[in-house]
Amino acid sequence: MEITNVTEYDAIAKQKLPKMVYDYYASGAEDQWTLQENRNAFARILFRPRILIDVSKIDMTTTVLGFKISMPIMVAPTAMQKMAHPDGEYATARAASAAGTIMTLSSWATSSVEEVASTGPGIRFFQLYVYKNRNVVEQLVRRAERAGFKAIALTVDTPRLGRRESDIKNRFTLPPNLTLKNFEGLDLGKMDEAADSGLASYVAGQIDRTLSWKDVQWLQTITKLPILVKGVLTGEDARIAVQAGAAGIIVSNHGARQLDYVPATISALEEVVKATQGRIPVFLDGGVRRGTDVFKALALGASGIFIGRPVVFSLAAEGEAGVRKVLQMLRDEFELTMALSGCRSLKEISRNHITTEWDTPRDSPRPLARL
Ligand code: FNR
């Protein structure tokens, strides 16, 4: 049957993948309230479309950290993509490059920064987890830089791994034929089985819980690459990120996999945008499945969005062709949303094109003055 939207890849992936793998990709933390809310909150935002505007030409191009891309839809870092498909991160890199957009490679990829770079040209960011061993971090950042990656997305919401109960039940671990390729030569590429989640144990052993804002500054001493702080959910932290020298912010709740009962990212976005006062760009990920979602995020001030699960699910279903299709479907839907809302370029997308539940009623008839 023909696939007509991004969400349909979820069911196909579920059929194709071993349960342990599918559950790892799909799950959120604990009650998965935030997982549902990431979607539900988009559904509560409605459009205020403008009519009778010549929309025969639509321009979706934009610039991210100075790099021109074809659309404000980018690929979020998701770990261990070779569990989805043997081509793994290679396929994702090629698909993103073909779509003219940015791929973010996870620290925990099953392909190395050098391997991904070898797939050919493309603008790529590297997502960084900070290990206790800072020599490891320094080496990895240098390698990413040398391999031509253009920015570091520093993940700041994972001092410990969120409690993902299906990973505990399944005793999730990286299949033995795969490694965390970036760490292979550093003797940190394997994930042992544990009495609960193998990944949670790996994180507890290797990831630096002391990570703090001073490390954002330290990172700037070891690399010239711009740093995106990934995992901001409040205006308070947005202000500190600006002061700490971040080049941008990614409003993210890690696809609802870390702290449960945080708001949907689309609900937190506007607070963060206001706090940054236009000093640095703000991006969003979490629950983006439709072109209408992309538009809503931009209307609330995002400079672009990233997608996570749609990439791994489409990869599982159809490899590179699947990821290409996901990017193309979102692009087409977003273009249609722009046309039907009366916007010809991204700068025409405004706050007035949507209405949210936290808006005060506008243009509502005033009660008649009592005589
Ligand atoms: C992730 N995410 C993630 N983030 C990160 O910084 N490093 C990583 O290695 C991973 N790995 C990862 C694996 C899987 C299977 C998922 C689903 C997510 C989080 C990811 O970058 C992003 O924040 C969310 O996936 C966005 O939400 P959606 O699009 O999946 O709803």
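If you're wondering where the values come from, they're calculated on a predicted model, not measured in any experiment.

Concerning the environment of L315
Tracing the chain through its elements places L315 in helix α13 (residues 309-341). The class for L315 is buried, based on 29 C-beta atoms found within 10 Å. Taking C-alpha positions, L315 is 9.3 Å from E89, a pair spaced 226 residues apart along the chain. If we skip the residues at most four places from it in the chain, L315 touches Q81, A84, H85, A91, T92, G322 and V323.

Some details on the UniProt feature "domain: FMN hydroxy acid dehydrogenase" (unreviewed entry) in the protein
UniProt marks residues 1-359 with the feature "domain: FMN hydroxy acid dehydrogenase" (unreviewed entry), using the numbering shown here. Helix makes up 40% of residues 1-359 and strand 12%, and the two end C-alpha atoms of the span are 41 Å apart.

Overview of the site of the ligand
By nearness alone, 23 residues border the ligand, and A79, S106, G255, G308 and R309 come closest of all. Of the residues in the shell around the ligand, the class split is eight nonpolar, 11 polar and four charged.

Description of the pairing of strand β9 (residues 248-251)
Side chains G248 and I250 of β9 all project onto a buried face; the interleaved residues I249 and V251 project onto the opposite face, where all are buried too. In this structure, strand β8 (residues 227-232) lies alongside β9, joined through four bridges in parallel fashion. Within β9, the position partnered with L228 by the bridge is G248. Following the backbone out of β8, through helix α10 (residues 235-243) and into the adjacent parallel β9, one traces a crossover that is right-handed. Running through helix α11 (residues 265-276), the crossover from β9 to the neighbouring parallel element strand β10 (residues 282-285) is right-handed.

So, the nonpolar core
In globular proteins that are soluble, nonpolar side chains generally tend to be buried together. Core analysis: the biggest nonpolar cluster contains 111 residues, and V229, I249 and V251 have the highest contact counts within it. Among the elements that take part in this core, α13 stands out by supplying 13 residues, more than any other. Not counting the four nearest positions on each side in its chain, V251 is found in contact with V232, L233, T265, A268, L269, V272, V282, F283 and L284.

Re unusual backbone geometry
We note that M80 has phi near 50°; this positive angle belongs to a residue other than glycine. Within the secondary structure, M80 sits in the loop between β4 (73-75) and α4 (88-98). You can call M80 buried: it has 25 C-beta atoms within 10 Å. One non-glycine residue, Y261, lies in positive phi territory at about 70°.

Quick look at the packing of helix α12 (residues 291-299) against α13
Where α12 contacts α13, the two axes come as close as 7 Å, and the packing angle between them is 60°. The orientation of α12 relative to α13 falls into the category oblique. Relative to α13, α12 is oriented so that their crossing is right-handed. Every residue of α13 that contacts α12 at G291, T292, V294 and F295 is listed here: L330, E333, F334, L336, T337, M338 and S341. Of the residues belonging to the contact of α12 with α13, the class tally is six nonpolar, four polar and one charged.

Quick word on α12
Taking burial as the measure, the nine residues of α12 include nine buried ones, the bulk of the element. Taken together, the buried positions of α12 are G291, T292, D293, V294, F295, K296, A297, L298 and A299.

Each value, and the rule that gives it
Residues numbered from 1 in each chain as written. Predicted model: local features only at pLDDT ≥ 70, side-chain atom pairs only at ≥ 80, totals over all residues. Helix = DSSP H or I, 4+ residues; strand = E, 2+ residues; numbered from the N terminus. Buried ≥ 20, exposed ≤ 12 C-beta atoms within 10 Å, placed from the backbone. Contact = placed C-beta atoms within 7 Å. UniProt positions renumbered as here; feature names shortened; annotations may be inferred. Near = placed C-beta within 6 Å. Nonpolar A, V, L, I, M, F, W, Y, C, P; charged D, E, K, R; others polar. Pairing = 2+ DSSP bridges. Right-handed = clockwise from strand over helix to strand, strands pointing away. Core = buried A, V, L, I, M, F, W, Y, C linked by C-beta atoms within 7 Å. Axes fitted to C-alpha atoms, helices over the stretch in contact; angles between N-to-C directions. Parallel < 35°, antiparallel > 145°, perpendicular 65-115°, else oblique. Left-handed = near helix turned anticlockwise from the far one by under 90°.

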